[in-house]
Amino acid sequence: MEAVLALIIIILILIVVWQTWKESEQQEDPFQMMNQMNVMEEEEEPPAAHQKEENVILVDLKGAVVKPGVYQMKPGQRINDLIMLAGGFQNDADADRVNLAEVLQDEAVVFVPRKGEESPVFELQKKDSGKVDINKADQQELETIPGIGPSKAAAILNYREENGLFSKVEDLTKVAGIGEKTLERIKESIMVSN
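Being a predicted model, the structure only gives us computed values, none of them experimental. (Residues numbered from 1 in each chain as written. Predicted model: local features only at pLDDT ≥ 70, side-chain atom pairs only at ≥ 80, totals over all residues. Heavy atoms only, no water.)

A.B. asks: I'd like a rundown of the environment of K62, residues and numbers included.
C.D. replies: Within the secondary structure, K62 sits in strand β1 (residues 57-63). On the basis of relative accessible area, K62 is assigned to the partly exposed category, the value being 29%. Distance in space between the C-alpha atoms of K62 and V110 is 6.1 Å, their sequence separation being 48 residues. In terms of polar contacts, K62 uses its side chain to reach the side chain of D60, at 2.9 Å. (Helix = DSSP H or I, 4+ residues; strand = E, 2+ residues; numbered from the N terminus. Buried < 20%, exposed > 50% of the residue type's maximum accessible area, 1.4 Å probe, protein only. Polar contact = N/O pair within 3.5 Å; in protein donor to acceptor, adjacent residues only side chain to side chain.)

A.B. asks: Go over helix α5 (residues 150-163), please, and point to the residues and values.
C.D. replies: Taking 1.5 Å of rise per residue, 14 residues should cover 20 Å, and α5 covers 20 Å from first to last C-alpha, within 8% of that figure. Taken as a whole, α5 has its buried residues at A153, A155, I156, L157, Y159 and R160. Contacts made by the buried residues of α5 are with α4 (139-142). Two residues or fewer after α5 comes G164, characterised by a positive phi angle close to 90°. (Expected span 1.5 Å × (residues − 1). Contact = heavy atoms within 4.5 Å.)

A.B. asks: Tell me what's going on with a nonpolar patch on the surface, and back it up with residues and numbers.
C.D. replies: A surface patch of nonpolar side chains, amounting to about 550 Å² of accessible area, comprises V4, L7, I8, I11, L12 and I15. Within the element layout of this structure, L12 appears in helix α1 (residues 2-26). (Patch = residues over 30% accessible without salt bridge, like charges linked within 9 Å, V, L, I, M, F, W, Y side chains within 5 Å. Areas by Shrake-Rupley, 256 points an atom, 1.4 Å probe, with all protein chains shown as cover. Salt bridge = Lys/Arg side-chain N within 4 Å of Asp/Glu carboxyl O.)

A.B. asks: So what's going on with the side chain of S193? Which residues, and what values?
C.D. replies: As for its placement among the helices and strands, S193 is situated in the segment after β5 (190-191). Exposure remark for S193: the relative accessible area of 15% places this residue in the buried category. One polar contact links S193 to D133, side chain to side chain, over a distance of 2.4 Å. Not counting chain neighbours up to four residues away, the residues in contact with S193 comprise D133, N135, K136 and F166.

A.B. asks: Lay out the pattern of salt bridges with the relevant residues and their values.
C.D. replies: Scanning the model with the defined rule gives 6 salt bridges in all. Note that D60 and K62 form a salt bridge whose closest N and O atoms lie 2.9 Å from each other. One salt bridge connects K187 with E170, and the closest N-O pair in it is separated by 3.3 Å. You can see K187 sitting in the loop between α6 (180-186) and β5 and its partner E170 sitting in the loop between α5 and α6, a full 17 residues away along the chain.

A.B. asks: An account of the sheet that holds strand β2 (residues 69-73) is requested, with residue identities and associated values reported.
C.D. replies: The mixed open sheet is built from 3 strands, whose spatial order is β2-β1-β3. With one partner strand each, in any of the chains shown, β2 and β3 (108-112) form the two edges of the open sheet. When strand polarity is set aside, the average angle formed by the axes of neighbouring strands in this sheet is 30°. Inspection of the sheet shows β1 paired to β3 by 5 bridges, in the parallel sense. Looking across to β3, one finds that D60 is bridged to V109. (Pairing = 2+ DSSP bridges. Axes fitted to C-alpha atoms, helices over the stretch in contact; angles between N-to-C directions.)

This is how it looks when you write it as structure tokens:
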């Protein structure tokens, strides 16, 4: 009986010693731990600090919402995001007449009508009237640019999808099939918005 008890005590001591050794092996030099923590802090730094400030768009929200006004939104956000930011619809809003899935555009006016109310027409004053905005134009609009046919228009749309919006008119030369000469011919017909 004493031999069994002694054997159990020895086994327990070995387990405690093994666990203590394992824990001490996992602990590292305090200076090495501090260096690792500094590396982790650097990695956690937001990427915005190293990258260009993210674009924002301004949208004017009017009508039957809790807080109408001008809102700063991110490109790609939808009318639903804007309505939620404004506190939602008022009780008498005719929400069925609002396309909540529509992607917001810079300088857009979003109007939420009340039930039975006519929607007013808001016209944007175009600073560069007659020019095609290569960041917003669809296939058909792009084809209205002199010298841009269906294939070049499609190439512009593909470039925009893969690389994002153009930051300046000159970036159009990055699109396959559009060189300096083509850009020179169409420069007066196009514009770029963010």
